[in-house]
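Chain by chain, the residues:
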Amino acid sequence: MRNFYFGLDLGHYEIKFTVLEETYDGRLISYNTSLKNEYFRKNDIIEQENLISLINNILENTLETFEIKKIEKLNISLTLPSFQKHIQKGHAIFEDNVKEEDIKKTIRTAKNFLLLNNQEVLIEEPLKFLIDGIQEVRDPLGFAGKRLDADVLFITCFRSFYEKIKNIFKELNLEIDNIFPSVYSSSKVCLSKKDKEMGVGLIDIGGETTSIGIFNEGKLVDMAVFDFGSEILYQDLALYLKVDLEEIEKIKSELHKPAAVTSKKINKKEEKLRQQIFKFFEKKLREYFEELKVKDYIKNIKKEYKLPAGLVMIGGFSLYENSLNLLKNILEISIKFPKDELNIFENEYELRKFSSSAGAALMLRDLSKEYGLLEKIKKFFYSFWSR
């Protein structure tokens, strides 16, 4: 049986949509598409009806292409400058050995202590557990003791915006399973287990924001969003080159072409322009990263987590041919492009562009499988006890 799972990355300048197919033999294949989005800026939706129409077009094309009767659920990923990070302490008293319910209760108490102030929790990630205030463990399940303490990382957004997003999809008769920060969704498909275990950063330079997720011991341990994106760079470039934004779009399109697609030879004039753009980008990125303290953030994170696996770069700006060299020069840290860990993309270009929507679809698939297994267990015990 073929199963389909859906993820949508609501970008500030582009909507990315992934259909993740699980084939009869268990293989995963991603089908990806994108459309320009002019209706989402900073922390708000503008021209909501137009956004609904745009998303509806994507969904209708998907239904027709894959001969699907209905899309019942999908996961959303996005990035907001107003994301907030909180680390809260929780605890639970238990008898004999730690059970699953004790862990859930510990996280629940941490959440209860969180002063939400109209915030909606998108991620809750236990950072560490302590048994009886002495023994630190990664997974407390089954440990003996009396008290379980935990430090829990929460990522939140404004509840009003969260509800607005859910209502948009209600208009389309769709149920949103979860809304995740884009950098968290992307980590599911473009970071290896080894890198996440050792310590790695995932940097996503999008149209309006730059987000960085830090992973250590297999989990998200820190996240930051900076109010700066590549569109600002290209607007600056338009002023520098004294050209209009339409011309800049053409230049961007050329700079973002995959190497395999660029067949024509570059003449000396074009090469000179590319070098000029590289130097301009390096200068402006240094200025913005200095002003927003991006480099300071990386330095402080390295003190705590070392980041032996360096940074992995994704997002719209990662499609620029020299983006990797730029960031290496500016941030002074090892940086690489992601590898297709699940072998679900056609090429590296697709991976860097659609990692967030694909990661959202993958999490929907994983949650569906967990739910399916839980239902099977419930049915087994029900049939057993009703005999």
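Each remark here, short or long, concerns the structure printed above.
The rules we used
- Residues numbered from 1 in each chain as written.
- Predicted model: local features only at pLDDT ≥ 70, side-chain atom pairs only at ≥ 80, totals over all residues.
- Heavy atoms only, no water.
- Pairing = 2+ DSSP bridges.
- Helix = DSSP H or I, 4+ residues; strand = E, 2+ residues; numbered from the N terminus.
- Buried < 20%, exposed > 50% of the residue type's maximum accessible area, 1.4 Å probe, protein only.
- Arc of directions from axis to C-beta.
- Contact = heavy atoms within 4.5 Å.
- Axes fitted to C-alpha atoms, helices over the stretch in contact; angles between N-to-C directions.
- Parallel < 35°, antiparallel > 145°, perpendicular 65-115°, else oblique.
- Left-handed = near helix turned anticlockwise from the far one by under 90°.
- Phe/Tyr/Trp six-rings, centres within 6.5 Å; stacked < 30°, edge-to-face > 60°.
- Salt bridge = Lys/Arg side-chain N within 4 Å of Asp/Glu carboxyl O.

Q: So what's going on with the sheet that holds strand 12 (residues 200-205)? Residues and values would help.
A: Reading across from one edge, 14-13-12-15-16 is the order of the five strands in this open sheet, with mixed pairing throughout. Whereas interior strands pair on both sides, the edge strands pair on one side only; in this sheet they are strand 14 (219-226) and strand 16 (335-336). Relative to strand 14, strand 13 (residues 210-216) runs antiparallel, the two being bridged by seven bridges. Within strand 14, the residue paired with G213 across the bridge is M223.

Q: Describe helix 10 (residues 323-331), with residues and values.
A: Of the positions making up helix 10, those classed as buried are S323, L324, L326, L327, I330 and L331. Taken around the axis of helix 10, the buried residues stretch over an arc of 160°, which confines them to a single face. As for helix 10, its buried residues are in contact with strand 12, helix 8 (268-291), helix 9 (294-305), strand 15 (311-314) and strand 16. Looking one or two residues beyond helix 10, the residue adopting positive phi is E332, at roughly 55°.

Q: Give me the lowdown on the packing of helix 8 against helix 10, citing residues and values where you can.
A: Where helix 8 contacts helix 10, the axes come no closer than 10 Å and their chain directions differ by 45°. With respect to each other, helix 8 and helix 10 are oriented oblique. Like other packed secondary-structure pairs, helix 8 and helix 10 cross with a definite hand, here right-handed. Where helix 8 approaches helix 10, its residues F278, F281, E282, L285, R286 and F289 are matched on the opposing element by N325, L326, L327, N329, I330 and L331.

Q: Describe the packing of aromatic side chains, and please don't skip the residues or the numbers.
A: Two aromatic rings are characterised by how far apart their centres lie and by the angle between their planes. If you walk through the whole model with that rule in mind, you get 14 aromatic pairs. The interplanar angle of 70° and the centroid separation of 5.8 Å between the aromatic rings of F226 and Y297 together place this pair among those described as edge-to-face. Of this pair, F226 sits in strand 14 while Y297 sits in helix 9; the two residues are 71 residues apart in sequence, bridging distant segments of the chain. One exposure class covers both F226 and Y297, and it is buried.

Q: Run through the environment of Y234, naming residues and quoting values.
A: Tracing the chain through its elements places Y234 in helix 6 (residues 230-241). Along the chain, Y234 and K193 lie 41 residues apart, while their C-alpha atoms are 35 Å from each other. Sequence-distant contacts of Y234, defined by excluding residues within four places in its chain, comprise I248, K252, L255, H256, F281, F317 and Y320.

Q: So what's going on with the sheet that holds strand 11 (residues 175-181)? Residues and values would help.
A: Judged by pairing direction, the sheet is mixed, and its five strands sit side by side in the order 3-2-1-6-11 without closing on themselves. Each edge of the open sheet is held by one strand with a lone partner, namely strand 3 (28-36) and strand 11. Here the strands of the sheet are splayed against their neighbours by 20° on average, with no regard to which way each runs. Bridge count between strand 1 (residues 3-10) and strand 6 (residues 73-78): three bridges; the pairing is parallel. Among the inter-strand pairings, D9 is bridged to a residue of strand 6, identified as S77. Most of the contacts of helix 3 (residues 159-171) go to strand 11, to which it runs at about 140°, and overall it touches strand 1, strand 6 and strand 11.

Q: So what's going on with the pattern of salt bridges? Residues and values would help.
A: Applying the stated rule across the entire model yields 29 salt bridges. Across the salt bridge formed by D177 and K73, the nearest N and O atoms sit 3.5 Å from each other. Of the two residues, D177 sits in strand 11 while K73 sits in strand 6, which places them 104 residues apart along the sequence. Looking at D177, the relative accessible area reads 24%, which means it is partly exposed. In this structure K73 comes out as partly exposed when scored by relative accessible area, which is 38%. Where salt bridges share partners, they join E22, R365 and D366 into one cluster.

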